[in-house]
Amino acid sequence: MGAPLTLFVDSLFLSPYAMSAYVALTEKRLPFEIRPIDLEAGEQRMQPYQARALTSRVPALTHEGFHLTESSAIAEYLDEAFPAPAHAALYPKELRARARARQLQAWLRSDLAALRQERPTETVFYGAAGQPLSDAAHAAAAKLIQVASCLLEGGRSCLFDEWCIADTDLAVTLKRLSQDDLPDALRAYADGQWQRPSVQTWLEHNAAARA
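Residues numbered from 1 in each chain as written. Predicted model: local features only at pLDDT ≥ 70, side-chain atom pairs only at ≥ 80, totals over all residues. Heavy atoms only, no water.

So, unusual backbone geometry
Item 1. The omega angle of the peptide bond from Gln47 to Pro48 is 5 degrees, so this bond is cis rather than trans.
Item 2. The topology assignment puts Pro48 in the loop between strand E2 (32–37) and helix H2 (49–52).
Item 3. For the bond from Ala84 to Pro85, the omega torsion is 5 degrees, close enough to zero to count as cis.
Item 4. Tracing the backbone through its elements, the reader meets Pro85 in the loop between helix H3 (71–81) and helix H4 (95–110).
Item 5. With phi around 50 degrees, Glu64 is a residue other than glycine that occupies positive phi space.
Item 6. Along the polypeptide, Glu64 turns up in the loop between strand E3 (60–63) and strand E4 (66–69).
Item 7. Overall, the relative accessible area of 51% leaves Glu64 in the exposed class. (Helix = DSSP H or I, 4+ residues; strand = E, 2+ residues; numbered from the N terminus. Buried < 20%, exposed > 50% of the residue type's maximum accessible area, 1.4 Å probe, protein only.)

Next up, the structure:
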């Protein structure tokens, strides 16, 4: 397997993107070390982290002297570096399903800015009450619900035949909304994804960081 992997995450375990990379490594059942980075102190802009992380962001993965940032790139790298069947797959096997999963990841990271701003991950992980959504955030929430409902038509428990890393990313985004804002099927989907052992271990790290 080579040298151990190191995952650099925010010290508060609040980043949904660090969570995505953490879940990817855990689902792969790969041994890895966690290194917290203090974003409030600006450690991401200091050496030696800046030399490792090309974009000065978290998460970052180090593997045998190779450093990589951006969570979706990390997941794709892990799936190719540690392929199935020896390791669990993070993306669907079928070409178009895999493309759809990557499309969803890219969209969740590039759109819905108003919702992400008004419902930060403190809402997700701390249960913090948010202010009423602005018109722009309401529009983003409606778009999210429309897309998720289309992809999960029929009350599916996963986006595809089996779990993939895009399920975790979608569940986190859905949980930015209050329970009352979500249709029953989407609420059940997000809650079900939240119970995966890989997600639960991330939540334990988050709780420990707050203690």
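Regarding the pairing of E2
Item 1. Bridge analysis of strand E1 (residues 5–10) against E2 gives six bridges, and the strand direction is parallel. Each bridged residue has a counterpart across the sheet, and for Thr6 the counterpart in E2 is Glu33. (Pairing = 2+ DSSP bridges.)

Observations regarding the pairing of E1
Item 1. Counting buried positions along E1 gives six out of six residues, so the element sits mostly inside the fold.
Item 2. Handedness of the crossover is the feature at issue here: the chain leaves E1, passes through helix H1 (residues 16–27), returns alongside E2, and the resulting connection is right-handed.
Item 3. Summarising the sheet, E1 and E3 pair through four bridges and their orientation is antiparallel. Within E3, the residue paired with Leu7 across the bridge is Leu61. (Right-handed = clockwise from strand over helix to strand, strands pointing away.)

Describing the packing of H1 against helix H10 (residues 197–210)
When two helices pack together, their arrangement is given by the angle between their axes and by how far apart the axes lie.
Item 1. Where H1 contacts H10, the axes come no closer than 9 Å and their chain directions differ by 130 degrees. By the angle between their directions, the pair H1 and H10 is classed as oblique. Here H1 and H10 pass one another in a crossing that is right-handed. For the pair H1 and H10, contact is made by Ala18, Met19, Tyr22, Val23, Thr26 and Glu27 and by Ser198, Val199, Thr201, Trp202 and His205, respectively.
Item 2. In terms of residue class, the contact of H1 with H10 is made up of six nonpolar, four polar and one charged. (Axes fitted to C-alpha atoms, helices over the stretch in contact; angles between N-to-C directions. Parallel < 35°, antiparallel > 145°, perpendicular 65-115°, else oblique. Left-handed = near helix turned anticlockwise from the far one by under 90°. Contact = heavy atoms within 4.5 Å. Nonpolar A, V, L, I, M, F, W, Y, C, P; charged D, E, K, R; others polar.)

Notes on the packing of H1 against helix H8 (residues 165–174)
Item 1. Here H1 crosses H8 at 150 degrees, and the two axes come no closer than 10 Å. Considered as vectors, H1 and H8 are oriented roughly antiparallel to each other. Considering the relative orientation of H1 and H8, their crossing is right-handed. When H1 is examined against H8, the residues Pro16, Met19, Ser20, Val23 and Ala24 are found in contact with a partner set consisting of Ile165, Thr168, Asp169 and Val172.
Item 2. In terms of residue class, the contact of H1 with H8 is made up of six nonpolar, two polar and one charged.

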